[in-house]
Every structure is written in C-alpha cells, then in structure tokens.
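What follows is each chain in one-letter form.
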Amino acid sequence: MSDIFCSLRQLSVTYGRGRNNATALDHIDLDIATGERLAIIGESGSGKSTLARALAGLLPEGTKVTGEMFWPALGHPPRPGRDFGFVFQDPGTSLNPVLTVGEQIAEGARRHLGLSWKQASTRAEELLGRVRMPQPDKAMRAFPHQLSGGQRQRVAIAAAIAARPALLMADEATSALDVVVQAEIVRLLDGLVREDGMTLLFITHDIALASGFVDRIAVFRDARLVEAGPVRSVLSATASNYTAALIASHRDLATPPLIEELAP
Ligand SMILES: Nc1ncnc2c1ncn2[C@@H]1O[C@H](COP(=O)(O)OP(=O)(O)OP(=O)(O)O)[C@@H](O)[C@H]1O
Ligand code: NI
C-alpha cells in the first residue's frame, strides 16, 4: 500500500455561480499519509467541511472545483460509505430515527461487504462492543432517541466503520458533547483507527482537543492552508500568528498535557 493516502494539488473549490460565488478552498496543496491522524483546524467558515466534502466527492452540484486529487493508496476515487466513513457533530443527522441501532449499523455492513442480514447483525453487535456501548445486545434493539448524546455518537461511529473504510472523517464529532464525554469519544476514535490502521481526518475548531492525540495538524484560514506539520512543530514554532491566536484562545480552558508541556 502507498504511504500517501491522498494528495491535493492546487485544489480550489468555489460554491455557486456568478457574482455570489464564494471561494471556500483556495489552491490547497496537502498530502495525507496512510494511517496518519490529521487534524483540520480553523475558525468557522475557514473551509474545513468543504475539504471533507471535496475529498469525499460530496460537493453540491454547481460547485466549481479546480486542481487535482490523487488517491495512491486506493488506486481509485473513494466510494463514500465504503472507502470513507463519516461522523458528524449531530448524530441526529446521520442516524435514522425510525431504525433500531442494530439495523443502522448492520445496513452499512450488509450493503458494502455483501453480508446477509444475519451476518451483518452479528457484526453490528460486535461493533457496539468495540465502541464500548454498555449491553450491546440490548442496545441493538434501541432507537436513537432512547440514547444519550455520547451513546448516539458511539452508534454513529460504529455505523461509520461498519464497512471497514480506509479513511474515517470526523467533522466536529465531539463539539456537541460535554468535556468528559468529548475526551471519551476522542479516546475511542484514536483506539479504533490504531487497531484498524485507518487514516483519520479529525476536523475541529478546538486545537487543544486535537493536539492531544493527532499526529499532524493542518491549519486553515479564509479558504487557505496556513500551515501543516507535526503537532509539536505547529504548536511550538507556530509559523503564523493565526495559529498562535488559536492556541492562545484556549489558554484558560482545560488544555491537554501536550500544550502545558510546551509552555516555557
Ligand atoms: N453549500 C454552500 N453554498 C455556498 N457557500 C457555502 C456552502 N457551504 C459552505 N459555504 C461557504 O464556504 C465557506 C467555507 O465553509 P465550510 O463549511 O467549509 O467552513 P468550516 O470551516 O467547516 O466552518 P464551520 O466550523 O462553521 O463548520 C464559508 O464561507 C461558507 O459560508
Ligand atoms: Ni464545518
């Protein structure tokens, strides 16, 4: 397998047409390594989710895309749901309220791995164990509204990895959760991508949260890639004032040990 999972060269994305168009990504050059955990950081509107959508081929119709995307590890453009798994901020949007937890997880495994319902259902229960749902057998029959926010996010993660995707994208996946549950979900994601050798794209505006566990950070601002590098060098050298400001904005919050370590 190639060391490079994905290469972006001069990738630009502009939504809409005519004079109301907005450039959401502006000439991005970025390589994503196979198996790495990469955080995409930046303020609201900086282009983070657009990057995720562009990678997944899920941009709305009428969006102008220029530049190139290469997929050396896959050898073909990714198939959403199969090669990519998604976890969003609000599991309400990714979970179907009228399907049981077991059904939603089994569906992905059945469709993409060609399993029977029975096999898929067995796999769903295993996955619920892997995402540390209490009483997986009982959880299989629950509906999303019967679960807590953190539990729903665990189910969404199980559904996202059901088809054994090579890349897992988490877009503000922990933003709606309280700090304790946030930390649990981050630990879970970290463990799962390590165990399965998945590549993780962790999209967040919270540089402190991300820097606690990812390998590299890519910082976006106003559609541009400001800097990208290993966590330590981005946090300590901070090539840009912007990154320094993002870090400073977290000083008074509960910051993970890595940032404290770096303090003089
Ligand atoms: N479907 C769309 N049509 C037009 N403009 C859009 C669309 N989606 C996003 N944009 C614009 O593109 C820019 C980048 O948006 P994007 O959602 O990628 O930012 P983001 O970094 O993910 O922000 P947030 O942290 O708020 O999720 C913004 O200016 C946004 O208004
Ligand atoms: Ni976003």
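Up top is the structure.
It should be emphasised that the depicted structure is a prediction, and the values quoted were computed from it without experimental measurement.

Thresholds applied
- Residues numbered from 1 in each chain as written.
- Chains lettered and ligands numbered in written order.
- Predicted model: local features only at pLDDT ≥ 70, side-chain atom pairs only at ≥ 80, totals over all residues.
- Near = placed C-beta within 6 Å.
- Helix = DSSP H or I, 4+ residues; strand = E, 2+ residues; numbered from the N terminus.
- Nonpolar A, V, L, I, M, F, W, Y, C, P; charged D, E, K, R; others polar.
- Pairing = 2+ DSSP bridges.
- Axes fitted to C-alpha atoms, helices over the stretch in contact; angles between N-to-C directions.
- Expected span 1.5 Å × (residues − 1).
- Buried ≥ 20, exposed ≤ 12 C-beta atoms within 10 Å, placed from the backbone.
- Contact = placed C-beta atoms within 7 Å.
- Core = buried A, V, L, I, M, F, W, Y, C linked by C-beta atoms within 7 Å.

## Observations regarding the site of ligand 1
As a structural note, the neighbourhood of ligand 1 is formed by 14 residues, with Y15, A24, S44, S49 and T50 the closest of them. Counting only elements with at least two residues in the shell around ligand 1, the list comes to strand 2 (22–33) and helix 1 (48–56). Of all the elements, helix 1 adds the most residues to the shell around ligand 1, at three residues. Among the residues making up the shell around ligand 1, the classes are represented as four nonpolar, nine polar and one charged.

## Some words on the sheet that holds strand 1 (residues 4–15)
In a beta sheet, neighbouring strands pair by backbone hydrogen bonds and run either parallel or antiparallel. Read across the sheet, three strands follow the order 2-1-4 without closing on themselves; strand pairing throughout is antiparallel. With one partner strand each, in any of the chains shown, strand 2 and strand 4 (64–70) form the two edges of the open sheet. Going across the sheet, the axis of each strand differs from the next one's by a mean of 5°, ignoring polarity. Bridge analysis of strand 1 against strand 4 gives six bridges, and the strand direction is antiparallel. Residue pairing in the sheet places R9 in a bridge with E68 of strand 4.

## What about helix 6 (residues 149–160)?
For helix 6, with 12 residues, the first-to-last C-alpha span of 16 Å sits near the 16 Å given by 1.5 Å per residue. Along helix 6, 10 of the 12 residues are buried, which leaves the element largely enclosed by surrounding structure. Of all the positions in helix 6, only Q151, R152, Q153, R154, V155, A156, I157, A158, A159 and A160 are classed as buried. Tucked into the core, helix 6 has its buried residues touching strand 5 (84–88), helix 2 (91–94), helix 3 (101–113), helix 4 (117–130), strand 6 (167–171) and helix 7 (179–196).

## As for the environment of G114
Residue placement: G114 occurs in the loop between helix 3 and helix 4. For G114 and A162, which are 48 residues apart along the polypeptide, the C-alpha to C-alpha distance reads 12 Å.

## Details of the sheet that holds strand 5
Pairing is mixed across the open sheet formed by six strands, whose spatial order is 5-6-7-3-8-9. The open sheet has two edge strands, strand 5 and strand 9 (224–230), and neither has a second partner. For this sheet the average axis-to-axis angle between neighbouring strands, irrespective of direction, equals 15°. As judged from the five bridges shared by strand 3 (residues 37–42) and strand 7 (residues 199–204), these two strands associate in the parallel manner. The partner of I40 across the bridge, within strand 7, is I203. Most of the contacts of helix 6 go to strand 5, to which it runs at about 165°, and overall it touches strand 5 and strand 6.

## Concerning the nonpolar core
I41, I105, A158 and I217 are the most contacted members of the largest nonpolar core, which has 77 residues in total. In terms of residues, this core owes the most to one element, helix 6, which gives six residues. Beyond its immediate stretch of four places on either side in the chain, I105 contacts A124, L127, V155, A158, A159 and A162.

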